[in-house]
Amino acid sequence: MVMRVFVAGGTGVLGRRLVPQLLARGHQVTATTTSAAKLGLLADLGADGAVMDGLDAASVGEAVAKAQPEVIVHQMTGLSLTHAGQLDMKHPGRYFANTNRLRIQGTDHLLAAAEAAGVSQFVAQSNATANGIHEDGRTKPEEGPLDLHAMPAAYAVAMEPLCHLEDVVLSAGGAALRYGWFYGPGATDDQVELIRKRKFPIIGGGTGYWSWVHLDDAASATVLAVEQKASGVFNIVDDEPVPVSEWLPYLAQCAGAKRPMRIPRWLGRRLAGEQTVTMMTEGRGSSNAKAKRELGWELRYPSWRQGFKEELA
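Structural notes, computed from the coordinates. Quick caveat, the model's predicted, so the values are computed rather than measured. (Residues numbered from 1 in each chain as written. Predicted model: local features only at pLDDT ≥ 70, side-chain atom pairs only at ≥ 80, totals over all residues. Heavy atoms only, no water.)

Moving on to the overall build of the protein chain. Each helix and strand counted, the protein chain has 14 helices and 13 strands in total. Out of the 313 residues belonging to the protein chain, those deemed buried represent 53%. Within the protein chain, residue pairs in contact and separated by at least 24 positions form 79% of the contacts whose partners lie at least 6 positions apart. A total of about 13600 Å² of accessible surface is found on the protein chain, and carbon and sulfur atoms cover 50% of it. (Helix = DSSP H or I, 4+ residues; strand = E, 2+ residues; numbered from the N terminus. Buried < 20%, exposed > 50% of the residue type's maximum accessible area, 1.4 Å probe, protein only. Contact = heavy atoms within 4.5 Å. Areas by Shrake-Rupley, 256 points an atom, 1.4 Å probe, with all protein chains shown as cover.)

Pasting the structure below:
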C-alpha cells in the first residue's frame, strides 16, 4: 500500500539512505532539512523537500500540515559538524546538546503536529547502546523501557532525553527503533580519520561489547516498521555483538591504518572522558531477534566484518 511518509531529518546520514528506500517501495515522501541549501539534495533523492526547524513548534506544525502525511518518521539529530562541531565525547553535554533538545522538544513538537493533522502512525529513532545489562552479560533484549538506574552514570546525559522520547512515542502507540552504532556512507568518517592518525586507542582491555548496523540495513528496518504500522521497541542491530578489542583493530586494518594503541583507563578518562571509557570497557551488545521475528527483517550485512571491509575497500 502506497503511503505518504514524512521524514523529519531527511538529510542526515540515515535519512539519505532511508528516503530512496521508501521511494523505491512506491511511497510518497516529504523530507525535511534545516537548510534551504540542502533542498536540492532532497530533490535529487526524489523527495519533496521542506525546510523545518525541529525546535520551533510552529515550523513543525506548518510542515506537517502542508505534507498531510499518513506516517511520521523522526530521524532528527544534531550530530553533524554544522550543529555539533567536531566529535567530542569528553564533553557529552556540549556535544549532544542539540540532539538532546531534538529528542525532547523536537519529539514533542512532532507528536503535537501529528495529533493536529490526524496522523496516527509514528516511528522514531532511539538508541541501543545503553539500555541496561542483560543477564547473559552480552546482549540486551527490547522488552522493558530504558532503565537509567541500570546504566553507568556516564550515559545519563544522552540517555535521559531518549527515555523521554521513548516514553512519549510509546504512549502515543508509536515505534521506537533502537539503532546500533551506524556505519556506512558518511557515518564513520570521523572515527576512521582518528584511527588513521592513531588517535583512537583501545582503552583498558577493550572489553565493552558494541552492536553495529549498516545504514542500509537500518533504513530497511525502518521501511518495514512504516509499512507494518509497528508499535513498541525494536533493536535494529546486526547479528554479531563484538568487543572493542576485536572490531577496532579490524576497522584499522580495513582502513589501511596501523594497529590502534592501548592506553589504561585512567589515561582514557583524562583524554576522552568517562562516557568513552565506559563504552569501551563496559558496553553490551543488543539482540535483534524481535525485529527479525516481528518485522521479517533480513540484513544485507549480518556482520560488521563484511560491512567494514566493503565500506573501506
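More follows now that the structure is in view.
What follows concerns the sheet that holds strand β5 (residues 121-127). Read across the open sheet, the seven strands follow the order β3-β2-β1-β4-β5-β6-β11; overall the sheet is parallel. Because the sheet does not close on itself, it has two edges, and the strands there are β3 (48-51) and β11 (232-236). Mean inter-strand twist for the sheet, computed between neighbouring axes without regard to direction, equals 20°. With four bridges connecting them, strand β1 (residues 4-8) and strand β2 (residues 28-33) associate as parallel partners. Bridge assignment links valine 5 to a residue of β2, and that residue is valine 29. Along the sheet, helix α3 (residues 57-67) contacts β1, β2, β3 and β4 (71-74); its crossing angle with β1, the most-contacted strand, is approximately 160°. Contacts from helix α6 (residues 97-117) reach β1, β4 and β5 within the one sheet, and its direction differs from that of β4 by about 175°. (Pairing = 2+ DSSP bridges. Axes fitted to C-alpha atoms, helices over the stretch in contact; angles between N-to-C directions.)

It is worth spelling out the nonpolar core at this point. One finds Val5, Val7, Phe182, Ile236 and Trp297 to be the most contacted residues of the largest nonpolar core, which totals 35 residues. Mapped onto this core, the elements with two or more residues apiece are β1, α1 (15-24), β2, β4, β6 (175-179), α9 (215-227), β11 and α13 (289-295). If you tally residues by element for this core, the top one is α9, at eight residues. Among the nonpolar cores identified, the runner-up in size contains 25 residues, and Tyr183, Ile202, Trp210 and Val244 belong to it. (Core = buried A, V, L, I, M, F, W, Y, C linked by side-chain atoms within 4.5 Å.)

The side chains of a regular strand alternate between the sheet's two faces. Burial of β5 is extensive: seven of the seven residues sit out of reach of the surface. Sheet analysis places β5 next to β6, joined by five bridges and oriented parallel. Within β6, the residue paired with asparagine 127 across the bridge is tyrosine 179.

Under the counting rule described, the total for this entry stands at twelve salt bridges. Across the pair lysine 197 and glutamate 193 runs a salt bridge, and its minimum N-O distance is 3.6 Å. Here lysine 197 falls in the partly exposed class, since its relative accessible area comes to 49%. Accessibility expressed as a relative area gives 38% for glutamate 193, which makes it partly exposed. With a shortest N-O distance of 2.8 Å, arginine 305 and glutamate 240 are connected by a salt bridge. Separated by 65 residues along the polypeptide, arginine 305 in helix α14 (residues 304-311) and glutamate 240 in the loop between β11 and β12 (242-243) bring together distant segments of the chain. Assessed through its relative accessible area of 30%, arginine 305 is described here as partly exposed. Through salt bridges that share partners, Arg17, Asp216 and Arg300 make up one connected network. (Salt bridge = Lys/Arg side-chain N within 4 Å of Asp/Glu carboxyl O.)

As a further point, take α14. Turning to α14, its buried residues number three or more, namely Trp304, Gly307 and Phe308. Down the axis of α14, the buried side of the element spans an arc of 95°, and every buried residue falls inside it. Where the residues of α14 are buried, they touch β7 (181-183), β10 (212-214), β12 and α10 (244-254). (Arc of directions from axis to C-beta.)

This paragraph deals with the packing of aromatic side chains. Ring pairs (aromatic) are described by centroid distance and by the angle formed between their planes. Applying the stated criterion to the full structure yields eleven aromatic pairs. For the pair tyrosine 183 and phenylalanine 308, a centre-to-centre distance of 5.0 Å together with 85° between the ring planes defines the contact as edge-to-face. Here the residue tyrosine 183 occupies a position in strand β7, and phenylalanine 308 occupies one in helix α14, the gap between them amounting to 125 residues. The buried category is assigned to tyrosine 183, whose relative accessible area is 1%. For lysine 290, the ring lying beneath its charged end belongs to phenylalanine 234, and the centroid distance is 4.7 Å. (Phe/Tyr/Trp six-rings, centres within 6.5 Å; stacked < 30°, edge-to-face > 60°. Lys NZ or Arg CZ within 6 Å of the ring centre and 35° of its normal.)

Turning our eyes to something else, we now look at the environment of glutamine 28. Here glutamine 28 lies in strand β2. What makes glutamine 28 partly exposed here is its relative accessible area of 47%. Sequence separation between glutamine 28 and aspartate 48 is 20 residues; the distance between their C-alpha atoms is 8.4 Å. Discounting chain neighbours no more than four positions away, the residues touching glutamine 28 are Val2, Met3, Arg4 and Val5.

Attention shifts here to the packing of α10 against α14. Packed helices, taken two at a time, are described by the angle their axes make and the gap between the axes. For the pair α10 and α14, the least separation of the axes is 9 Å and the interaxial angle reads 25°. With respect to their mutual orientation, α10 and α14 come out roughly parallel. Judged by the sense of rotation from one axis to the other, the crossing of α10 with α14 is right-handed. Residues Glu246, Trp247, Tyr250, Leu251 and Cys254 of α10 lie in contact with α14, whose contacting residues are Trp304, Arg305, Phe308 and Lys309. Residues of the contact of α10 with α14, tallied by class, amount to six nonpolar, no polar and three charged. (Parallel < 35°, antiparallel > 145°, perpendicular 65-115°, else oblique. Left-handed = near helix turned anticlockwise from the far one by under 90°. Nonpolar A, V, L, I, M, F, W, Y, C, P; charged D, E, K, R; others polar.)

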